Amino acid sequence: MTRGVIFDLDGVLVSTDELHYRAWQSLAQQEGIDFDRRTNDRLRGVSRMESLHIILEQAPRTYSRQQRLSLADRKNETYRALLEGIGPADVMAGARELLAALTERGISVAVASSSRNARLILERIELLDRFDAVVDGNDVTRAKPHPEGFLTAAHRLGCRPEECLVFEDAAAGIEAARRAGMRVFGIGTPQRLPGVRPLAAGLAEVTVEQVLNAGEGTLS
Ligand code: BG6
Ligand code: MG
């Protein structure tokens, strides 16, 4: 029985991937680090500092902890400047409709994101007030694939983990939801999320019946 639905933000409700890519690319260029879309794919759903760690694998020099924090800040400044350009039109197709249909059926809805910019993004796309709970990168000490974010969201919704269904586009998030004891609905392609079922290219393909009828044990 699904009583709560928890949405990842980036790549599920809004497509910020390109903005993250451009901000990391700008930092990599300034630092003379090779960075391409293949490396960028590894950053999906991963925290800011872990993303930086992956990017620095290609760095020609080493950085102290203080320098790494300053690199992460610099990337975030570029990213936040790019976020100024997003608005309600950037909400992924089908998201508003699915949220409305779930709310109408009495299902509680939450966001659980690794991003420390999640509230800013939700405000800009005018979805912040549509959720019963928002858990972001500032609310947790352990990022996905740790289950803390999803468990916190379920707790705030007043739901048990097994009553929750999670929409996720990143392997790290899918692992986090499973470790939280929740059912997962993958968003993306079979190439990017091999073996994940059920899977949809986007929320526009998901019906409220699929969410409601997703009985315990029928989703992996
Ligand atoms: C996730 C994104 O939602 O948030 C990652 O998928 C990103 O790409 C992470 O690194 C952290 O985001 P932020 O906004 O705190 O740097
Ligand atoms: Mg995501």
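Before going into details, it helps to say that this report is about the structure given with it. (Residues numbered from 1 in each chain as written. Chains lettered and ligands numbered in written order. Predicted model: local features only at pLDDT ≥ 70, side-chain atom pairs only at ≥ 80, totals over all residues. Heavy atoms only, no water.)

Examining the site of ligand 1
Okay, so step 1: Close contacts around ligand 1 come from 14 residues, with D10, V46, S115, R116 and N117 the closest.
Okay, so step 2: Residue R116 places a main-chain N or O atom 2.7 Å away from an oxygen atom belonging to ligand 1.
Okay, so step 3: In isolation ligand 1 offers 390 Å² of accessible surface; the protein chains occlude 96% of this area.
Okay, so step 4: Counting atoms within 2 Å of the grid points, the majority share of ligand 1 lands in the largest pocket.
Okay, so step 5: A breakdown of the residues in the shell around ligand 1 according to their chemical character gives three nonpolar, eight polar and three charged.
Okay, so step 6: A domain split of the shell around ligand 1 shows at least three residues from each of domain 1 (4-15 + 91-213) and domain 2 (17-83). (Near = heavy atom within 4 Å. Polar contact = N/O pair within 3.5 Å; in protein donor to acceptor, adjacent residues only side chain to side chain. Areas by Shrake-Rupley, 256 points an atom, 1.4 Å probe, with all protein chains shown as cover. 1 Å grid on protein atoms, 1.4 Å probe; cavity = no way out; pocket = protein on both sides within 12 Å on 5 of 7 lines; lining within 4 Å. Sits in = over half its atoms within 2 Å of the grid points. Nonpolar A, V, L, I, M, F, W, Y, C, P; charged D, E, K, R; others polar. Domains from an automatic or database assignment.)

Here's the deal with the sheet that holds strand β3 (residues 133-135)
Okay, so step 1: Taken in spatial order, the six strands make up an open sheet running β3-β2-β1-β4-β5-β6, and their pairing is parallel. Across the chains shown, the open sheet's two edge strands, defined by having one partner strand only, are β3 and β6 (199-200).
Okay, so step 2: Two elements, strand β1 (residues 4-7) and strand β4 (residues 164-168), share four bridges in a ladder whose sense is parallel. The residue of β4 that forms the bridge with G4 is C164.
Okay, so step 3: Lying over the sheet, helix α5 (residues 95-104) contacts β1, β2 (108-112) and β4, oriented at roughly 160° with respect to β1.
Okay, so step 4: Packing against the sheet, helix α8 (residues 171-179) makes contact with β4 and β5 (183-187), and its axis sits at approximately 170° to β5. (Pairing = 2+ DSSP bridges. Helix = DSSP H or I, 4+ residues; strand = E, 2+ residues; numbered from the N terminus. Contact = heavy atoms within 4.5 Å. Axes fitted to C-alpha atoms, helices over the stretch in contact; angles between N-to-C directions.)

A look at the side chain of R183
Okay, so step 1: For R183, the position within the fold is in strand β5.
Okay, so step 2: Within polar-contact distance, the side chain of R183 engages the backbone oxygen of E162 at 3.1 Å.

What about the pattern of salt bridges?
Okay, so step 1: Applying the stated criterion across every chain, the model contains 18 salt bridges.
Okay, so step 2: Put simply, E163 and R3 hold a salt bridge, and the shortest N to O gap is 2.8 Å. Here R3 lies in the segment before β1 and E163 lies in the loop between α7 (148-157) and β4, a separation of 160 residues in the sequence.
Okay, so step 3: Residue R3 is classed as partly exposed on the basis of its relative accessible area, which comes to 35%.
Okay, so step 4: Residues R142 and E148 are paired through a salt bridge, measuring 3.2 Å at the closest nitrogen-oxygen approach.
Okay, so step 5: Residue class for E148 comes out buried when judged on its relative accessible area of 14%.
Okay, so step 6: Overlapping salt bridges, with partners in common, bring together D17, D41, R44, D169 and R192 in one network. (Salt bridge = Lys/Arg side-chain N within 4 Å of Asp/Glu carboxyl O. Buried < 20%, exposed > 50% of the residue type's maximum accessible area, 1.4 Å probe, protein only.)

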